[in-house]
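Understanding the architecture of this molecule
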Amino acid sequence: FIIVELCRSGASVWLSVWSTHSDEMTPLRAMGVYALINMCNLGVSYMSQLLLARQSVQGGRSLQQSMYASLIRAPMAFFDTTPLGRVLNRFTKDVSDVDKNTITMIS
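Report on the accompanying structure. Please read all numbers here as calculations on a predicted model, not as lab measurements.

1. Focus on the pattern of salt bridges
Scanning all chains against the criterion turns up two salt bridges. The salt bridge involving Glu5 is made with Arg8; its shortest N-O contact spans 3.0 Å. Residue Glu5 and its partner Arg8 are located together in helix α1 (residues 2–20), separated by three residues, close to a single helical turn. Asp97 is the salt-bridge partner of Lys93, the closest N and O atoms lying 2.8 Å from each other. Here Asp97 and Lys93 lie together in helix α4 (residues 84–106), a separation of four residues that amounts to about one turn. A residue is classified by how much of its surface remains accessible, and Asp97, at 30% relative accessible area, is partly exposed.

Rendered as structure tokens:
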């Protein structure tokens, strides 16, 4: 994630270098360097978002598996006193919250 910020600031630094030394380089070369920096920024940002999405899915899977394991090990008295709809709603809401909110909270 530090690399993403370095790429973003690299584009700004290059623009300042380009504007101060515009007479020493051709516009095509300067635009090529700027395009290369932005392509690197795009690639790094894409990989960062892909990694965050993957980690979010793994977190949701881990939560779902641990909740399921706890539910299977629950005593029968729990199922006698707790309506099945409440268990199902809670189960799906928690997994849905992890799936929807993890990426936005991390990034």
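Moving on from the coordinates now.
2. Remarks on the environment of Tyr68
Topologically, Tyr68 is positioned in helix α2 (residues 27–72). Taking C-alpha positions, Tyr68 is 8.5 Å from Phe91, a pair spaced 23 residues apart along the chain.

3. A few points about α2
Between its terminal C-alpha atoms α2 stretches 67 Å, which fits the 68 Å expected from 46 residues at 1.5 Å a residue. All buried positions along α2 are accounted for by Ala30, Asn41, Ser48, Leu52, Ser56, Gly60 and Met67.

Scoring rules and cut-offs
Per chain, the residues get numbers from 1 upward, laid out in the order the sequence is written. Local features in a predicted model are, by the rule used here, given only for residues with pLDDT of at least 70; side-chain atom pairs are given and counted only at 80 or more, and totals for whole chains, interfaces and linings are based on all residues. Computation of side-chain values covers all heavy atoms of the structure but excludes hydrogens and water. The term salt bridge refers to a pairing of a side-chain nitrogen on Lys or Arg with a carboxyl oxygen on Asp or Glu at a separation within 4 Å. Going along the chain from the N terminus, every DSSP run of H or I of four or more residues is numbered as a helix, and every run of E of two or more is numbered as a strand. The classification of residues rests on relative accessible area computed with a 1.4 Å probe and restricted to protein chains. Under 20% of the type maximum is buried, over 50% is exposed, and intermediate values are partly exposed. Helix span is expected to be 1.5 Å times the residue number reduced by one.

Interpretation note: all reported values are geometric properties and have no functional meaning in isolation.
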